[in-house]
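Observations on the model geometry
Chain residues, written in single-letter form:
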Amino acid sequence: DTAVSQTPKYLVTQMGNDKSIKCEQNLGHDTMYWYKQDSKKFLKIMFSYNNKELIINETVPNRFSPKSPDKAHLNLHINSLELGDSAVYFCASSQGGTGPEQFFGPGTRLTVL
Amino acid sequence: GENVEQHPSTLSVQEGDSAVIKCTYSDSASNYFPWYKQELGKRPQLIIDIRSNVGEKKDQRIAVTLNKTAKHFSLHITETQPEDSAVYFCAASTWVGGGADGLTFGKGTHLIIQP
């Protein structure tokens, strides 16, 4: 009965590759997010998305793109991976219309070699 | 954009004592202030939050206070226990209902409970 889930949990890949991380929520929420946590544990918003708008943090390279096949899923695609992309990526969701509380997935640890 | 400062970066307290973590924010439009607890290798977990129309909120041993005029908010943990050891993050956002505003986080406080 996991509320927000992500796959894979760990992802190790070579520089220059393209990879995707999947996120699913079964909370019936209408808004989903991607956050990046770097090696210093700093959490930073990358994208916010609902059926009305996509908000992109201006510091996120355009190699990163969110794709939402439906309200319960928000996947993260990363092209031409770089060493600096190594981090833990967290998906989160909220019922944006009625409440701001955000609930996080377990995270995906991405290592770029 | 919003900027959230959090202090201290590390806090060590004796078991049973109280712990206080403080945050300041820059955007006066921010109206939602959650606190997250993150244990090693785990996801951030929402432990308490406060909205700008409230000055204080309490949940058992945890309380949060908000001073909108000074743009700061604090987390108070009383009667600390070993399981309180973790990294705590404050955050701020502007929630307008139906929007998709992400959270701006502070840099975290590593709370260590000494036995």
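Summary of the structure given here. (Residues numbered from 1 in each chain as written. Chains lettered and ligands numbered in written order. Predicted model: local features only at pLDDT ≥ 70, side-chain atom pairs only at ≥ 80, totals over all residues. Heavy atoms only, no water.)

Let us now look at the interface of chain A and chain B. With 27 residues of chain A at the contact, the number on the chain B side is 21 residues. Contact between chain A and chain B buries roughly 2,000 Å² in total, counting both sides, with carbon and sulfur atoms accounting for 57%. By the criterion of area lost to chain B, the three top residues of chain A are Leu-43, Pro-100 and Phe-104 of chain A, representing 28% of everything that side buries. Summed over the shared surface of chain A and chain B, the result is one salt bridge. Of the charged contacts, one joins Glu-101 of chain A and Arg-51 of chain B as a salt bridge, the two residues approaching to 3.1 Å between their closest N and O atoms. The interface formed by chain A and chain B holds six residue pairs in polar contact (both at pLDDT 80 or more) in total. Here the side of chain A that touches chain B takes five residues from strand β5 (residues 43-50) of chain A, the largest share from any one element. Counted by class, the side of chain A that touches chain B contains 13 nonpolar, ten polar and four charged residues. (Contact = heavy atoms within 4.5 Å. Buried area = accessible area lost by both parts, 1.4 Å probe. Salt bridge = Lys/Arg side-chain N within 4 Å of Asp/Glu carboxyl O. Polar contact = N/O pair within 3.5 Å; in protein donor to acceptor, adjacent residues only side chain to side chain. Helix = DSSP H or I, 4+ residues; strand = E, 2+ residues; numbered from the N terminus. Nonpolar A, V, L, I, M, F, W, Y, C, P; charged D, E, K, R; others polar.)

Let us look at the pattern of salt bridges. As a working rule, side chains carrying opposite charge can pair if their charged atoms are close by. A full pass over the atoms with the stated rule returns six salt bridges over all chains. Here Glu-82 of chain A makes a salt bridge to Arg-63 of chain A, at a shortest N to O gap of 3.5 Å. Taken together, the residues span a long stretch of sequence, with Glu-82 of chain A in the loop between β8 (73-78) and β9 (87-94) and Arg-63 of chain A in the loop between β6 (54-56) and β7 (64-70) at a distance of 19 residues. Here Glu-39 of chain B makes a salt bridge to Lys-37 of chain B, at a shortest N to O gap of 3.6 Å.

This part is about the environment of Ser-86 of chain A. Residue and element names in this part refer to chain A. Within the secondary structure, Ser-86 sits in the loop between β8 and β9. Here Ser-86 falls in the partly exposed class, since its relative accessible area comes to 27%. Each C-alpha atom, one on Ser-86 and one on Lys-36, is 9.5 Å from the other, the two residues being 50 residues apart in sequence. Here Val-112 takes part through its backbone nitrogen, which lies 2.8 Å from a polar atom of the side chain of Ser-86. (Buried < 20%, exposed > 50% of the residue type's maximum accessible area, 1.4 Å probe, protein only.)

Let us look at the sheet that holds strand β7 (residues 62-67) of chain B. Residues and elements named next belong to chain B. Taken in spatial order, the five strands of this open sheet run β1-β3-β8-β7-β6, and their pairing is antiparallel. Strands at the two margins of the open sheet, each flanked by one partner only, are β1 (4-7) and β6 (56-59). When strand polarity is set aside, the average angle formed by the axes of neighbouring strands in this sheet is 15°. Where β1 meets strand β3 (residues 19-25), four bridges bridge the pair, whose relative direction is antiparallel. (Pairing = 2+ DSSP bridges. Axes fitted to C-alpha atoms, helices over the stretch in contact; angles between N-to-C directions.)

The next subject is the nonpolar core. Counting residues in each nonpolar core, the largest one holds 23 residues, and the members touching the most others are Trp-35, Phe-73, Leu-75 and Leu-111 of chain B. Going through the elements one at a time, β2 (10-14), β3, β4 (32-38), β5 (45-51), β7, β8 (72-77), β9 (86-92) and β11 (109-114) of chain B are the ones with two or more residues in this core. Filtering out sequence-adjacent residues up to four positions away, Leu-75 of chain B remains in contact with Ala-19, Val-20, Ile-21, Trp-35, Ile-47, Ile-48, Ile-62, Ala-63 and Tyr-88 of chain B. Core analysis: the next-biggest nonpolar cluster, separate from the first, contains 19 residues, Val-4, Met-32, Cys-91 and Leu-110 of chain A among them. (Core = buried A, V, L, I, M, F, W, Y, C linked by side-chain atoms within 4.5 Å.)

The next thing to look at is the packing of aromatic side chains. Residues and elements named next belong to chain B. One pass over the structure, following the stated rule, counts 13 aromatic pairs over all chains. Taken together, a centroid distance of 4.9 Å and an interplanar angle of 50° make the contact between Phe-33 and Phe-73 tilted. A residue pair is termed long-range when its members are at least 10 positions apart, and Phe-33 in strand β4 and Phe-73 in strand β8 qualify at 40 residues. Each member of the pair, Phe-33 as well as Phe-73, carries the same accessibility label: buried. Note on Trp-35 and Phe-73: the rings are 5.6 Å apart at their centroids and 70° apart in plane angle, and the pair reads as edge-to-face. Of this pair, Trp-35 sits in strand β4 while Phe-73 is found in strand β8, placing the two residues 38 residues apart along the sequence. Taking relative accessible area as the criterion, Trp-35 reaches 0% and is therefore assigned buried. (Phe/Tyr/Trp six-rings, centres within 6.5 Å; stacked < 30°, edge-to-face > 60°.)

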